[in-house]
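# Fold and geometry: a report
For reference, the chains in residue letters:
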Amino acid sequence: MTTAASTTLTERQIEVLELREQGQTQQEVADRLGTTDSNISAIERAAEQNIKKARRTLELVRTIRSPIQFSVSPGTSFDELVASVYSHADEAGVKIAHCRPELYTHLYGVLEECTDQNELKTNIDVGITNEGEVRVFTEDF
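Predicted, not measured: the structure shown is a model, and the values here were computed from it.

The final tally for this structure, using the stated rule, is 3 salt bridges. Across the pair Glu 44 and Arg 20 runs a salt bridge whose closest N-O atoms are separated by 3.0 Å. Placement of the pair is Glu 44 in helix H3 (residues 37–64) and Arg 20 in helix H1 (residues 11–21), with a sequence separation of 24 residues. You can call Glu 44 buried: its relative accessible area is 15%. The partner of Arg 56 in a salt bridge is Glu 59, and the shortest N-O contact between them spans 3.6 Å. Residue Arg 56 and its partner Glu 59 are located together in helix H3, separated by 3 residues, close to a single helical turn. The exposure class assigned to Glu 59 is partly exposed, which follows from its relative accessible area of 34%.

In structure tokens form, the structure reads like this:
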């Protein structure tokens, strides 16, 4: 079995996730581990929260490590956001890895929860790598 020492998960969370991934029901896992199915459910929820935090941490680090960084305020439209990405990249001599429609789709997919009627509802931080990849981080979501 995998150990938790190098992860954000506990040994119990890994054990439960492995058993669930093998197709066992919550009740089967509970019986095997001598606990209740509601406890197994709570362990799975906690594991998912830890995984979400780890992914968000990775998003933040990728954005921070991007050589081109800027912030965008609430109320900014996606058209303005895309234009700003291209403008910052042009200033740094970096070619964005996506054409405009692809970038728009990519950003909307990443930021959908942060938008209302094609405008940002929250501050976002944008990072652009030297290879033209666009990273975003939001504190609220």
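In this section: a negative patch on the surface. On the surface, a cluster of negative charge is contributed by Asp 79, Glu 80, Asp 116 and Glu 119. In this fold, Asp 79 is placed in helix H4 (residues 78–92).

Let us look at the side chain of Ser 77. Within the secondary structure, Ser 77 is located in the loop between strand E1 (68–72) and H4. We classify Ser 77 as buried; its relative accessible area is 16%. Not counting residues within four places of it along the chain, the set of residues in contact with Ser 77 comprises Asn 118 and Glu 119.

Considering the arrangement of structural elements, one finds Gln 24 in the loop between H1 and helix H2 (26–33). Discounting residues that sit within four places of it in the chain, Gln 24 has contacts with Leu 19, Val 29 and Arg 32.

Let us now look at the UniProt feature "domain: DNA binding protein Tfx C-terminal" (unreviewed entry) in the protein chain. The UniProt record marks residues 54–136 with the feature "domain: DNA binding protein Tfx C-terminal" (unreviewed entry), using the residue numbering of this structure. Strand forms 20% of residues 54–136 and helix 46%; the C-alpha atoms that close the span are 15 Å apart.

Pairing is antiparallel in the open sheet, where 3 strands are placed in the order E1-E4-E5. Of all strands in the sheet, those bounded by a partner on one side alone are E1 and strand E5 (134–138). Across the sheet, the mean angle from the axis of one strand to that of its neighbour is 20°, orientation sign disregarded. Here 5 bridges tie strand E4 (residues 124–128) to E5, and the two strands are oriented antiparallel to one another. Looking at the pairing, Val 126 lines up with Val 136 of E5. Sheet contacts for H3: E1, E4 and E5; angle to E5, the most-contacted strand, approximately 125°.

The rules behind these values
Residues numbered from 1 in each chain as written. Predicted model: local features only at pLDDT ≥ 70, side-chain atom pairs only at ≥ 80, totals over all residues. Heavy atoms only, no water. Salt bridge = Lys/Arg side-chain N within 4 Å of Asp/Glu carboxyl O. Helix = DSSP H or I, 4+ residues; strand = E, 2+ residues; numbered from the N terminus. Buried < 20%, exposed > 50% of the residue type's maximum accessible area, 1.4 Å probe, protein only. Patch = residues over 30% accessible without salt bridge, like charges linked within 9 Å, V, L, I, M, F, W, Y side chains within 5 Å. Areas by Shrake-Rupley, 256 points an atom, 1.4 Å probe, with all protein chains shown as cover. Lys, Arg positive; Asp, Glu negative; His and termini not counted. Charge placed at Lys NZ, Arg CZ, Asp CG, Glu CD. Contact = heavy atoms within 4.5 Å. UniProt positions renumbered as here; feature names shortened; annotations may be inferred. Pairing = 2+ DSSP bridges. Axes fitted to C-alpha atoms, helices over the stretch in contact; angles between N-to-C directions.

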